[in-house]
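Examining the three-dimensional arrangement
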Amino acid sequence: MTTEIEIQVGLKSGMADPEGANVKKALDLLGFDNVKKVDSVKCYRIIIDKNESEAMKEAEEICKKLLANPVVHEYSISVAK
């Protein structure tokens, strides 16, 4: 059984997000005045050859060991639809 996992990694609240700030500036220049904030988030889709419960545990380890720096990042893990 394989499980497709989606992991989203973003900066913690209060951390500078230059990529998000640049997109916000560009949106302002294009006339999208109602956009108040842009946060950049990376999304990873990983197919793991385990059942859902075991795949979620493995995804947690992947985040801790590779994808997220706990000092600056927060992440969420879910089963992809």
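Conventions used here
Residues numbered from 1 in each chain as written. Predicted model: local features only at pLDDT ≥ 70, side-chain atom pairs only at ≥ 80, totals over all residues. Heavy atoms only, no water. Helix = DSSP H or I, 4+ residues; strand = E, 2+ residues; numbered from the N terminus. Expected span 1.5 Å × (residues − 1). Buried < 20%, exposed > 50% of the residue type's maximum accessible area, 1.4 Å probe, protein only. Arc of directions from axis to C-beta. Contact = heavy atoms within 4.5 Å. Polar contact = N/O pair within 3.5 Å; in protein donor to acceptor, adjacent residues only side chain to side chain. Pairing = 2+ DSSP bridges. Axes fitted to C-alpha atoms, helices over the stretch in contact; angles between N-to-C directions. Lys, Arg positive; Asp, Glu negative; His and termini not counted. Salt bridge = Lys/Arg side-chain N within 4 Å of Asp/Glu carboxyl O.

This next bit is on helix 1 (residues 18-29). The end-to-end C-alpha distance of helix 1 is 17 Å, a good match for the 16 Å that 12 residues give at a rise of 1.5 Å each. Where helix 1 ends, the next residue or the one after it, Gly31, has phi of about 95°, a positive value.

Right, let's get into helix 2 (residues 52-67). The end-to-end C-alpha distance of helix 2 is 20 Å, clearly below the 22 Å that 16 residues give at a rise of 1.5 Å each. Buried within helix 2 are the following residues: Ala55, Ala59, Cys63 and Leu67. Down the axis, helix 2 shows its buried residues gathered within 85° of arc, on one side only. Facing away from the buried surface of helix 2 by more than 90 degrees, the exposed residues are Lys57, Lys64 and Lys65. Packed against the buried residues of helix 2 are strand 1 (3-11), strand 2 (41-48) and strand 3 (73-79). The backbone nitrogen of Ser53 has a side-chain oxygen 3.1 Å away, supplied by the residue at the start of helix 2, namely Asn51.

Let's shift gears to the sheet that holds strand 2. Taking strand neighbours across the sheet as the criterion, the three strands line up as 2-1-3 in an open arrangement whose pairing is antiparallel. The sheet is open, and its two borders are formed by strand 2 and strand 3, each paired with just one other strand. Across the sheet, the mean angle separating the axes of adjacent strands is 20° when strand polarity is ignored. In the sheet, strand 1 pairs with strand 3 via seven bridges, with the strands oriented antiparallel. Following the sheet pairing, Val9 is matched in strand 3 by Tyr75.

Moving on, we come to the side chain of Asp17. Relative to the helices and strands, Asp17 is located in the loop between strand 1 and helix 1. Among buried Asp, Glu, Lys and Arg side chains, Asp17 stands out as unpaired, with Lys37 the closest opposite charge at 7.3 Å. Of the polar contacts made by the side chain of Asp17, one reaches the backbone nitrogen of Ser40; its length is 2.8 Å. Every residue in contact with Asp17, bar those within four places of it in the chain, is listed here: Leu11, Val38, Asp39 and Ser40.

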